[in-house]
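In case you want the letters, here they are:
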Amino acid sequence: MSSVLRIDPDGGTTLMPWPGDALQRGLLIRAGVGGSADIAVYHRRAVLHAHGNGQSERLPLNLAVWVLASVWRGVELPYGLHGTVMVTGQQFQELDTDLVAEVQGVCVEVAEVRAEWQDRPPAGEGAVRAEFLAAAGYARDALRAPPA
């Protein structure tokens, strides 16, 4: 089944069917992000579609997407990604199954780190970023590792 992922600002993911028609694909992306979408490439096989004016419109920071993009890029991004983000394959194609699992795994790790902070608040902003990136990198690497 052809599919794409929607990542909400709370880190929740939804697997969505990817229409065969290019017009319908564009409409799905526009509806998913809530307006015109900018394309951001952080992985050679995936494209992030983010609201084109999310920060200016004061959409919430999408922490899970920031972590995902930072891990994919291999550096901590100095800017945030705001609002709901759609993730597709390259050239407006469906997302490969292994990347669906990777994106969902990173989003789960971000949610787990946030949940841990209910009992153990972070030591500071630098520690926050480091912990998110380490957890997400671990989740990604675990999915990419060859089976034992």
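A short tour of the structure in this document, coming up. (Residues numbered from 1 in each chain as written. Predicted model: local features only at pLDDT ≥ 70, side-chain atom pairs only at ≥ 80, totals over all residues. Heavy atoms only, no water.)

## Some thoughts on the nonpolar core
Reasoning step 1: Ranked by size, the top nonpolar core spans 34 residues in total, and within it Ile7, Tyr42, Leu48, Val67, Trp72, Val87 and Phe132 carry the most contacts.
Reasoning step 2: At the level of elements, strand E1 (3-7), strand E3 (37-43), strand E4 (46-51), helix H2 (63-73), strand E5 (85-89), helix H3 (97-116) and helix H4 (125-144) are the ones that each hand at least two residues to this core.
Reasoning step 3: Leu48 has contacts with Asp38, Ile39, Ala40, Tyr42, Val65, Leu68, Ala69, Trp72, Leu81, Val85, Met86 and Val87, leaving out every residue within four places of it along the chain.
Reasoning step 4: Formed by seven residues, the second largest nonpolar core is a distinct cluster that contains Val4, Met16, Leu28 and Met86. (Core = buried A, V, L, I, M, F, W, Y, C linked by side-chain atoms within 4.5 Å. Buried < 20%, exposed > 50% of the residue type's maximum accessible area, 1.4 Å probe, protein only. Helix = DSSP H or I, 4+ residues; strand = E, 2+ residues; numbered from the N terminus. Contact = heavy atoms within 4.5 Å.)

## Regarding the packing of aromatic side chains
Reasoning step 1: Under the counting rule described, the total for this entry stands at one aromatic pair.
Reasoning step 2: Seen in terms of ring centroids, Trp18 and Phe92 are 5.4 Å apart; in terms of plane orientation they differ by 70°. Their pairing is edge-to-face. In this pair, Trp18 is assigned in the loop between strand E2 (13-17) and helix H1 (22-33) and Phe92 in the loop between E5 and H3, connecting sequence segments 74 residues apart.
Reasoning step 3: For Trp18, a relative accessible area of 6% puts it in the buried group.
Reasoning step 4: Residue classification places Phe92 among the partly exposed positions, given a relative accessible area of 27%. (Phe/Tyr/Trp six-rings, centres within 6.5 Å; stacked < 30°, edge-to-face > 60°.)

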